[in-house]
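Notes for the structure review
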Amino acid sequence: MDKEIPFKTKNTKYGLQINSFIPRDKREGEHVMSQFQERELLQVELRSKDFEEVPPVAYLLPNGVAVIERQYSYVFYKTKQDLENALRVDQLVQTEIKQLEKDPYYKRTFTKFPYEEDPKARMFLLKDGTPVPYLQYSSKTYRALIDDFPEVDREQVKWGELIIGNDGKCILFRELEPGSVYRCLLFSHRQDYEFYFAYMSLTDARLWQGRNPQGTEFLAQRETLLDALADPLKLKREALTYDKTGQNALHRALWELIYTDEVTHQLFLPLLMYLGELQIHTYGGEWRFKEVAEIEAVVPYIWFKNEEFDLAQKMYDKILDPDNMGLQPLAACLWNGKNKNWMYK
């Protein structure tokens, strides 16, 4: 995976400074909102969004601009220029939506930013690390795909219903109820579905399939992997220290990313190396290896307090999972040896 990691639209062009305020309760929200009534109303054109509870308005503050989009919360911009940049980004997205070409197989729609595509480009890895791409459709777009699909056959499979097309493509879908899709995936070939079925059947082992070609040489690649973490994140190698400064720099860089399966794979081993070293520096432990027969691979883990700590799974759940819209602090991936059940929350 030698492609450059994509960053969020809001920072690739404009470097916006945005902060949100959400009150602890209704009383605090009402108090904060009342203070805006004495501020100057900024004359800018704000486009209403589906989630807004009130017509959006902007107030000019001594230290920036506040845009009220909900009844008791607001978005704060450090400068008026930041607000104008945000509006320009939104306008670019809307223009791209209007110019989007419609294809019966790839009916793409955008929500807030271009990287939130529907269908979403996904991939998984074979045992030798070969990526297998496919498309994941949501409830908003899967019906149009199925209606236009050149179907020649259908069959019931373990994961739902498989629709085979006359062009070699196939669709795997399963509805919870009419109009509500649980899974809708488009594969380029029937063989890709077979690979997907084998991959999903791995349960716990699939996280590691195709991820560690180095095997037990993983630790010998320490510096190479840390370089591979710094470069695409636009960080200097010496910035990846294990103190708060280094952690904060890495967290800020990770926060800016557009997370896809490809990005996850590109960062998986490098970030695991950093977090493993951070675990050892902070709380203790040591690297060990184990064989995973299902995927014919040797994978690293942290041995700490006479137990195996599954740092890779924790890292994936807290940071790298493309379906997780949040990003937790690096420290959330570590374990201090206490509160054992915390590891599995």
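In what follows, the accompanying structure is described.

The rules behind each value
- Residues numbered from 1 in each chain as written.
- Predicted model: local features only at pLDDT ≥ 70, side-chain atom pairs only at ≥ 80, totals over all residues.
- Heavy atoms only, no water.
- Pairing = 2+ DSSP bridges.
- Helix = DSSP H or I, 4+ residues; strand = E, 2+ residues; numbered from the N terminus.
- Axes fitted to C-alpha atoms, helices over the stretch in contact; angles between N-to-C directions.
- Buried < 20%, exposed > 50% of the residue type's maximum accessible area, 1.4 Å probe, protein only.
- Arc of directions from axis to C-beta.
- Contact = heavy atoms within 4.5 Å.
- Phe/Tyr/Trp six-rings, centres within 6.5 Å; stacked < 30°, edge-to-face > 60°.
- Lys NZ or Arg CZ within 6 Å of the ring centre and 35° of its normal.

1. A short note on the sheet that holds strand 9 (residues 131-136)
The strand order 8-9-13-12-11-10 describes an open sheet built from six strands, whose pairing is antiparallel. Looking at which strands have only one partner, the edges of the open sheet turn out to be strand 8 (120-125) and strand 10 (151-157). Neighbour-to-neighbour, the strand axes of the sheet open up by a mean angle of 25°, direction not taken into account. Relative to strand 11 (residues 160-165), strand 10 runs antiparallel, the two being bridged by six bridges. Note on strand 11: the bridge partner recorded for Glu155 is Leu162.

2. Quick look at helix 2 (residues 26-36)
The set of residues buried in helix 2 consists of Gly29, Val32, Met33 and Phe36. For helix 2, the angular spread of the buried residues around the axis is 100°, confining them to a single face.

3. Considerations on the sheet that holds strand 14 (residues 286-292)
Spatial ordering of the open sheet is given by 14-15-16, a layout of three strands whose pairing is antiparallel. Sheet topology places strand 14 and strand 16 (307-309) at the edges, where each strand pairs with a single neighbour. Going from strand to strand, the sheet's axes swing by 50° on average, the running direction of each strand aside. Here seven bridges tie strand 14 to strand 15 (residues 297-304), and the two strands are oriented antiparallel to one another. By the bridge assignment, Val292 is partnered in strand 15 with Ala297. Contacting strand 14, strand 15 and strand 16, helix 8 (residues 261-282) crosses the sheet at an angle of about 130° to strand 14.

4. What about unusual backbone geometry?
At Lys234, a residue that is not glycine, the phi angle is positive and equals roughly 65°. Tracing the sequence through the fold places Lys234 in the loop between helix 6 (222-230) and helix 7 (244-255). Residue classification places Lys234 among the exposed positions, given a relative accessible area of 56%.

5. Thoughts on the packing of aromatic side chains
Under the defined criterion, the tally for this structure stands at 15 aromatic pairs. Judged by centre distance (6.1 Å) and plane angle (65°), the ring pair of Phe187 and Tyr193 falls under edge-to-face. On the basis of relative accessibility, which here comes to 0%, the residue Phe187 falls in the buried class. For Tyr193, a relative accessible area of 3% translates into the label buried. The rings of Phe124, Tyr134, Trp159, Phe187, Tyr193, Tyr196, Phe197 and Tyr199 are connected pair by pair, giving a single aromatic cluster. Here Arg174 stacks its cationic end above the ring of Tyr182, 5.0 Å away from the centre of that ring. Sitting above the plane of the Tyr301 ring, Lys290 keeps its charged end 5.7 Å from the centroid.

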